[in-house]
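So you can see what is in the structure, the chains are spelled out below.
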Amino acid sequence: MLKPLGLTHGHYECRSLGETLPVFTDLLAMKVVAHSNGEAVVQHRIPTGGWWCTKPGPAHPTSRTTTTTACGVANAEEVDAAHAYLEANKERYGLRRVSPPRSQHFARSVYFEEPGGNTLEIEHYEPQAAAEGRTIARPHWNRELKERDFPGRGYVPQALTHGTLECDDKEASAAFYSGVLGLQIAGGGRLSVYIKHAATPWYLVVLPIKRRKKFLSPANRFTLTLGSAKEVEDAHAELRLAKGVTGFSRCSGATAALRLSSRI
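Residues numbered from 1 in each chain as written. Predicted model: local features only at pLDDT ≥ 70, side-chain atom pairs only at ≥ 80, totals over all residues. Heavy atoms only, no water.

### Side note on the overall build of the protein
Counting its secondary structure elements, the protein contains seven helices and 15 strands. The proportion of buried residues among the 264 residues of the protein is 53%. Taking as baseline every contact in the protein between residues at least 6 positions apart, the subset at least 24 positions apart corresponds to 65%. If you sum the accessible surface of the protein, you get close to 12300 Å²; carbon and sulfur atoms cover 52% of it. (Helix = DSSP H or I, 4+ residues; strand = E, 2+ residues; numbered from the N terminus. Buried < 20%, exposed > 50% of the residue type's maximum accessible area, 1.4 Å probe, protein only. Contact = heavy atoms within 4.5 Å. Areas by Shrake-Rupley, 256 points an atom, 1.4 Å probe, with all protein chains shown as cover.)

Shown next, in the form of structure tokens:
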């Protein structure tokens, strides 16, 4: 089993950086920390755990998937305010759709699709969820941004909270993520499984999708960071062995691949 230092960052494709970056900076309180060679790296204004998204510009998903990047807000009323602001500025930012706010599983969310075809979410978990032991529902930030830090919108994204993966088999994927990659199973249920690393609050929702016709490219992935280059070499050998034992393919059929990197 691998011993990663963290689930550190994610990557995804978009159609145009010029279209997508304003959505991240103006609507999700992100900042661009690098921009070169057709790629951009963004990070939330309060990098509580250093979760970075890299978005290559040349390509974009050819069809809608269930992959989502989510940000959390401090109270449920902000979700409704976010919906109103997104609807009012839908044309300005080229948003393809903005869903009505909805509540389920102790969470209230609004989903919207940015011009590059990716789905984004603004969410809030009710305190009852954390009180009942759902660790993923605890605030994902150490200090709270105020309205003055992100004025004029009626909501303040506090942190990146989770991403999503698709899979063919939920049980096989959960066994792979925990037994091979060394990640924690942090919840889920009949329809999904949540995975995370112990060092960081964000998590991934793994959703079984039985009839997928489109797969995202390997540019859409999440990165596990290991302690050294030697550990990456050892992990490569271990994963090749696990492939023969567990029969996994692209992380048990996950739409977005997992990448290994090292701190050197």
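There's more to say after this.
### Thoughts on the packing of aromatic side chains
Counted according to the given criterion, the structure contains four aromatic pairs. Ring centres 5.4 Å apart and planes at 45 degrees place the aromatic pair Y194 and Y203 in the tilted group. Of the two residues examined, Y194 and Y203, each falls in the buried class. Following the ring pairs from residue to residue traces out a cluster consisting of Y85, F150 and Y155. (Phe/Tyr/Trp six-rings, centres within 6.5 Å; stacked < 30°, edge-to-face > 60°.)

### Details of the nonpolar core
L27, L28, L86, L95, F112, I122 and Y155 are the most contacted members of the largest nonpolar core, which has 31 residues in total. Listing elements by their share of this core, those giving two or more residues are helix 1 (17-27), strand 3 (39-44), helix 2 (76-88), strand 8 (107-113) and strand 9 (119-125). When residues no more than four places from it in sequence are discounted, the contact partners of L86 are L27, L95, V98, V110, F112, I122 and Y155. Listed in part, the 22 residues of the second largest apolar core include L7, L165, I195 and W202. (Core = buried A, V, L, I, M, F, W, Y, C linked by side-chain atoms within 4.5 Å.)

### Side note on helix 1
Looking only at helix 1, the buried set comprises L17, T20, L21, V23, F24, T25 and L27. Between a side-chain oxygen at the N-terminus of helix 1 and the backbone nitrogen of G18 the separation is 3.2 Å; the capping residue is S16. Looking one or two places after helix 1, you find A29, whose phi comes out positive at around 60 degrees. (Polar contact = N/O pair within 3.5 Å; in protein donor to acceptor, adjacent residues only side chain to side chain.)

### Digging into unusual backbone geometry
Positive phi is not limited to glycine here, since A29 has a value of about 60 degrees. Within the secondary structure, A29 is located in the loop between helix 1 and strand 2 (30-36). When its relative accessible area of 0% is taken as the criterion, A29 is described as buried. Not every positive phi belongs to a glycine, and N37 is a case in point at roughly 55 degrees. Positionally, N37 belongs in the loop between strand 2 and strand 3.

### Brief notes about the pattern of salt bridges
Inspection of every chain in the model, using the stated rule, returns six salt bridges. Among the ionic pairs, D80 bridges to R108, the shortest N-O distance being 2.9 Å. Here the residue D80 occupies a position in helix 2, and R108 occupies one in strand 8, the gap between them amounting to 28 residues. Given a relative accessible area of 33%, D80 falls into the partly exposed group. A single network of salt bridges, built from pairs that share partners, joins R96, R97 and E113. (Salt bridge = Lys/Arg side-chain N within 4 Å of Asp/Glu carboxyl O.)

### Considerations on the environment of V42
Residue position: V42 is located in strand 3. It is 8.4 Å that separates the C-alpha atoms of V42 and L21, two residues lying 21 residues apart in sequence.

### Quick word on the pairing of strand 13 (residues 203-208)
With six bridges joining them, strand 10 (residues 159-167) and strand 13 adopt parallel strand pairing. In the sheet register, G163 faces strand 13, and the bridge partner there is L204. Connecting strand 12 (residues 193-196) to the antiparallel partner strand 13 that follows it, the hairpin turn spans six residues. (Pairing = 2+ DSSP bridges.)

Read these as layout, nothing more, since geometry by itself doesn't imply function.
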